[in-house]
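# Coordinate inspection notes
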Amino acid sequence: MQTLNDVIGNFQLYAVCAPCGRMVKLDLPKLRDKFGAATPLTQIRHHVRCRNCQLRTGDIRIVYVGPDGAASGFHYRR
């Protein structure tokens with residue numbers, strides 16, 4: 001199971017709201033400070049709420065960007 005600490009540095013997280021089409025990049029260091037580095041990403045999903053429609057969809061996109069931020073690839077959960 002991936003934790004916040006596992007993704008910081010090589011990945012970006014985006015909260016996704018399919019009903020209203022909104023996608024927002026999450027601030028990983030801020031999440032780590034609030035919830036702790038060992039917090040599993042599955043737990044973060046439960047806290048994400050769309051600011052447009054107020055739904056908690058639990059959808060998060062994990063985007064690999066590599067250590068220099070140049071690479072990109074999507075891992076999409078349905």
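The structure reproduced in this document is the subject of the present report. The structure presented is a predicted model; accordingly, all values stated were derived computationally and were not measured. (Residues numbered from 1 in each chain as written. Predicted model: local features only at pLDDT ≥ 70, side-chain atom pairs only at ≥ 80, totals over all residues. Heavy atoms only, no water.)

### Quick look at unusual backbone geometry
A positive phi is found at Q54, a non-glycine position, where the angle reads about 70°. Relative to the helices and strands, Q54 is located in the loop between α3 (41–45) and β3 (59–64). (Helix = DSSP H or I, 4+ residues; strand = E, 2+ residues; numbered from the N terminus.)

### Quick look at the nonpolar core
Note that soluble globular proteins tend to have their nonpolar side chains buried in a common cluster. Counting 13 residues, the largest nonpolar core has L4 and L13 as its most contacted members. Within the residue set of this core, elements represented by two or more residues are α1 (4–7), β1 (11–17), α2 (28–35), α3 and β3. Counting residues per element, this core draws most heavily on β1, at three residues. The residues contacting L4, other than those within four sequence positions of it, are L13, L28, L31, R32, G36, A37, T39, L41 and I44. (Core = buried A, V, L, I, M, F, W, Y, C linked by side-chain atoms within 4.5 Å. Buried < 20%, exposed > 50% of the residue type's maximum accessible area, 1.4 Å probe, protein only. Contact = heavy atoms within 4.5 Å.)

### Topic: the side chain of R45
In this structure, R45 sits in helix α3. The buried charged residue R45 lacks any salt bridge partner; its closest oppositely charged side chain belongs to D59, at an N-O distance of 5.4 Å. At a separation of 3.4 Å, a polar atom in the side chain of R45 contacts the main-chain carbonyl oxygen of G58. (Lys, Arg positive; Asp, Glu negative; His and termini not counted. Salt bridge = Lys/Arg side-chain N within 4 Å of Asp/Glu carboxyl O. Polar contact = N/O pair within 3.5 Å; in protein donor to acceptor, adjacent residues only side chain to side chain.)

### A word on the pairing of strand β2 (residues 22–25)
When β1 meets β2, the two strands line up antiparallel, connected through four bridges. In the strand pairing of β2, C17 is matched with R22. In this antiparallel pair of consecutive strands, β1 and β2, the connection spans four residues, and G21 shows a positive phi of 80°. (Pairing = 2+ DSSP bridges.)

### Things to note about the pattern of salt bridges
As enumerated under the stated definition, the model contains one salt bridge in all. As a salt-bridge pair, R32 and D33 come within 3.9 Å of each other at their nearest N and O atoms. Assessed through its relative accessible area of 29%, R32 is described here as partly exposed. Look at D33 and you get exposed, because its relative accessible area is 62%.

### Focus: the pairing of β1
Of all the seven residues making up β1, six are buried; the element is thus mostly covered by neighbouring parts of the structure. Two elements, β1 and β3, share six bridges in a ladder whose sense is antiparallel. For F11, the partnering residue across the bridge sits in β3 and is Y64.

### Digging into α2
Regarding α2, its N-cap is D27, as a side-chain oxygen of that residue lies 3.2 Å from the backbone nitrogen of K30 further along. Where α2 ends, the next residue or the one after it, G36, has phi of about 105°, a positive value.

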